[in-house]
Amino acid sequence: MTTTTTAPQAPASKEEQPQVEYGKNRHTGLKILAIVVVWVGLWLVLRGTQTRELSFQDTTGFHQWLNEIRDWVQLNGPDNWFFGGVLGTIGDVFDAVFVFLQELISIPAFPRPVPEIGWLGVVAIVAWVTWAVAGIRSTILATVSMILFGIFDLWAESMDLLLVTILSVIICFVIGLPTGILMARKRKVSTVLTPVLDIMQTLPPFAYLAPVALGFGIGPTTGIVLTVIYALPPLVRITEHGIRAVPATTIEAARSMGLTNRQMLRQVQLPMARRTIVVGINQSMMAALSMATIAALVNGPGLGKPVVAALQVQNIGAASVAGIAIVLMAIALDRSTTAASERSATGGPSLASASGLNVMMMGVKLEHLPRWATEDAGKGVRQPRLTNAGLWMVRGLWLIPVIVAVALSRSQINLATFPNREVWPFIAPIDGKSLTAAINDLSDWVIDKVDVVTLALKDGLTNGLINPLESLLADSPWWLMGLVILGVAFVLGGVRPLIISAVCLAIIFATGLWNDSMVTLAMTLIATVLVMIVAVVLGVAMGRNRRTDTFIRPFLDAFQVIPPFVYLVPALALFGVGRFTAIMAAVAYAVPIATKLVADGIRGISPTTVEAANASGSTRWQMITKVQLPMAREALVLATNQGILYVLSMVVIGGMVGGGSLGYIVVSGFSQDQLFGKGLAAGIAITALGVMLDRIARHAAARTGR
């Protein structure tokens, strides 16, 4: 007789995992195969009927109702207590603060023809701050990056992006730190807020562009609010983890000394969690930078604007130069905050106290974190040779040249506005115009040389995989497709994801964009399959060989700090406009996280098991297919989960380069007044699709690992 047991409840700091039964052979593969066979058979008979296809310019009553809400807000919003009062006041404050900071470093401050602080002063301030908190290596990187912004003729746009990112991270810190502390100390608060954070992290960035723009209008405020929404969850979650990871024995010892709760927090928990909290700031900053570039679609300031403008006219060179500037800023911010975290503490809990897989399941992308963040907190931290007072005295002395540089930048025009090629002839070969022209020439040359290969790849995958799967999903009757998804959800995850999927499908149906949602789902599934093929090949190689891991992992780390917007540029250059371009960009974006999870899963297999398989005479192929991959199944499912979410967010962004479906509808909603409601409905459909896929994959991972 088969016995069953119930999975233990996860700690409150993690998302509650579904209870599953052990010891049963669920025959998942056979059940999925049966669903597919029945589905294909009915599709052959009913193909093209009841698909709920809606032409691009057509709208439904729901879309028109959303347009009417938009019209009402625009007409009555200024006099409304909420839109004109609450949101209007927030918008006015944000706009005033942002314009003040712009006039300080990026735009002319009337009546001055230049900013209050010129480029030399800004570079000096950034160099001093980076040196004070992160060290000399990060200082060199930040300084070189700042100078390149000016050489690329993107100084103002770069400073605007930096301002939006820093302002958003400050707001996230003010909100996220106390929220994370409260969640760590109050289990009920954590239980209530964890699902909210899950949804915030699951939503693709495009999903809330329209509603935020409706409330705040287009401009800097909307960019900041969007960035805060996207960047807040990582800081909250990692802060909660850092506080909870303080050893219980330390807490008990502190209580025995008579410390109050406030003293406990200030003198014990926060100091010991400081390093982890800085890691949270790092992750929040990377998320903020990523979202700040996308906010260009709602007139958010920064480097996203030149990227969007260049993509619209397919100017690969201009898009690449702006993309290089974004990557430089991302790397500089990432390395600086990483170095600051390494220097911030000599002990205390690290993220190693929660396994990578469990942390991923609660939504924190641990694979985004630096490798040192998962090691023991006390390792590799060099003790300062000077006391804190001595260090700050040295830093104070170095403020003198910084003040001099600021003063000079206020009085010398060439030190206030970054010099052009006429003033500095030596920058001519690498300034923005020259680099744009060179990249365009190189792009044309490469395309001419590899055009046959790229077109063959594009046509082969489009005709052999994309079109058939898209037809299977989009041309199936809506009710059949819904039953297939519900059946797969039940087989993979059980009753709970079945219920969640039913609700999400009902929402997608109500938006009137069922057919477009199925097209987006098809693109997401295809890209995820390609991601997992690459991730398994690279991940197995990394997991089996340390040298391979050492060689590949730095590239994965570098790719992970690149905002998703940037991936569109090379994909557009190689494959032109279309769905295939969006899919390839999505694959490039999702491969690093999936590969790392697969590699860690392979490496986590017990050496005893591997030795036993070797002793039994297993070949390398048998070892991989019969031992390592089956035993790393939980990591594979989890990699698929993260791959799906990354791919979905990127496929939607791919609407800007002809990806079509929901992403293109969202973008069109901002440019065509009559399609605003349809664009907002597309955002709702994207949200429902993302939540559904996430919950199915999470519950499948929970079942697989037990």
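Residues numbered from 1 in each chain as written. Predicted model: local features only at pLDDT ≥ 70, side-chain atom pairs only at ≥ 80, totals over all residues. Heavy atoms only, no water.

Caption draft 1: Geometry of the overall build of the chain. The secondary structure content of the chain amounts to 28 helices and zero strands. Taking all 706 residues of the chain together, the buried fraction comes to 53%. Counting only contacts in the chain whose residues sit at least 6 apart along the sequence, the fraction spanning at least 24 positions is 80%. Accessible area of the chain: about 31,300 Å², with a carbon and sulfur share of 65%. (Helix = DSSP H or I, 4+ residues; strand = E, 2+ residues; numbered from the N terminus. Buried < 20%, exposed > 50% of the residue type's maximum accessible area, 1.4 Å probe, protein only. Contact = heavy atoms within 4.5 Å. Areas by Shrake-Rupley, 256 points an atom, 1.4 Å probe, with all protein chains shown as cover.)

Caption draft 2: Layout of the nonpolar core. Of all hydrophobic cores here, the largest spans 166 residues; its most connected members are Phe-206, Leu-311 and Ile-583. Broken down by element, this core gets its largest block of residues, 15 residues, from helix H23 (residues 579-603). What Leu-311 contacts, discounting residues up to four positions off in sequence, is Ala-319, Leu-568, Val-569, Leu-572, Met-656 and Val-657. In terms of nonpolar packing, the next biggest core, distinct from the first, is built from seven residues, Ile-181, Leu-265, Ala-273 and Ile-277 among them. (Core = buried A, V, L, I, M, F, W, Y, C linked by side-chain atoms within 4.5 Å.)

Caption draft 3: Quick peek at the pattern of salt bridges. The final tally for this structure, using the stated rule, is 14 salt bridges. Measuring nitrogen to oxygen at the nearest pair gives 3.2 Å for the salt bridge that ties Arg-70 to Asp-673. Within this pair, whereas Arg-70 is found in helix H2 (residues 61-76), its partner Asp-673 is found in the loop between helix H27 (661-671) and helix H28 (676-704), the two being separated by 603 residues in sequence. Judged by relative accessible area, which is 5%, Arg-70 ranks as buried. Here Arg-553 and Asp-549 are joined by a salt bridge, their closest N and O atoms 3.0 Å apart. Of this pair, Arg-553 and Asp-549 both sit in helix H21 (residues 546-560), four residues apart, roughly one helical turn. An identical accessibility class is assigned to Arg-553 and Asp-549; each is buried. (Salt bridge = Lys/Arg side-chain N within 4 Å of Asp/Glu carboxyl O.)

Caption draft 4: Here's a closer look at helix H20 (residues 514-544). With 31 residues, H20 should reach 45 Å at 1.5 Å per residue; the first-to-last C-alpha distance of 44 Å fits that figure. With 22 of 31 residues buried, H20 lies mostly within the body of the structure. (Expected span 1.5 Å × (residues − 1).)

Caption draft 5: Representation of H21 within the structure. When the terminal C-alpha atoms of H21 are compared, their 20 Å separation across 15 residues agrees well with the 21 Å that a helix rising 1.5 Å per residue should span. Along H21, the sharpest kink reaches roughly 30 degrees, centred on Ile-552 and followed within four residues by the proline Pro-554. Looking only at H21, the buried set comprises Asp-549, Ile-552, Arg-553, Leu-556 and Gln-560. If you follow the buried residues of H21, they end up packed against H20 and H23. (Bend = angle between axes of the 7 residues up to and from the residue.)

Caption draft 6: Examining a nonpolar patch on the surface more closely. Residues Phe-490, Val-495, Ile-499, Val-503, Ile-507 and Ile-684 make up a contiguous nonpolar surface patch of about 500 Å² in total accessible area. Of all the elements, helix H19 (residues 495-511) adds the most residues to the nonpolar patch, at four residues. Inspection of the secondary structure assignment puts Ile-507 in helix H19. The class for Ile-507 is partly exposed, based on a relative accessible area of 34%. (Patch = residues over 30% accessible without salt bridge, like charges linked within 9 Å, V, L, I, M, F, W, Y side chains within 5 Å.)

Caption draft 7: Region of interest: unusual backbone geometry. Here the amide bond leading from Phe-110 into Pro-111 is cis, since omega sits at 5 degrees, within 30 degrees of zero. A positive phi angle, near 50 degrees, is found at Gln-50, a position not held by glycine. Of note in this structure, Gln-314 is not a glycine but carries a positive phi near 55 degrees. Along the chain, Gln-314 falls in the loop between helix H12 (304-312) and helix H13 (316-344). For Gln-314, a relative accessible area of 48% corresponds to the partly exposed category.

Caption draft 8: The arrangement of the confidence of the model for the chain in detail. Here the chain shows a mean pLDDT of 83. Residues at 70 or above account for 90%. In the model, residues 1-23 has pLDDT below 50 throughout and makes 51 contacts with residues more than four positions away in sequence or in other chains. Low confidence marks residues 346-384, where pLDDT is under 50. Its contacts with residues over four positions away, or in another chain, come to 102 contacts. (pLDDT = per-residue confidence, 0-100.)

Caption draft 9: Seen up close, the environment of Ile-696. If you trace the backbone, Ile-696 turns up in helix H28. Those residues in contact with Ile-696 that sit more than four places away from it in its chain are Ala-489, Leu-492, Pro-497 and Ser-501.

Caption draft 10: Just the packing of helix H10 (residues 248-256) against helix H11 (residues 261-294), in detail. Closest axis-to-axis distance for the H10/H11 pair is 11 Å, and the angle between their directions is 145 degrees. For the pair H10 and H11, the crossing hand works out as right-handed. Each of Thr-250, Ile-251, Ala-254 and Arg-255 in H10 lies in contact with H11, whose residues at this interface are Asn-261, Met-264, Val-268, Gln-269 and Met-272. When its residues are assigned to classes, the contact of H10 with H11 shows five nonpolar, three polar and one charged. (Axes fitted to C-alpha atoms, helices over the stretch in contact; angles between N-to-C directions. Left-handed = near helix turned anticlockwise from the far one by under 90°. Nonpolar A, V, L, I, M, F, W, Y, C, P; charged D, E, K, R; others polar.)

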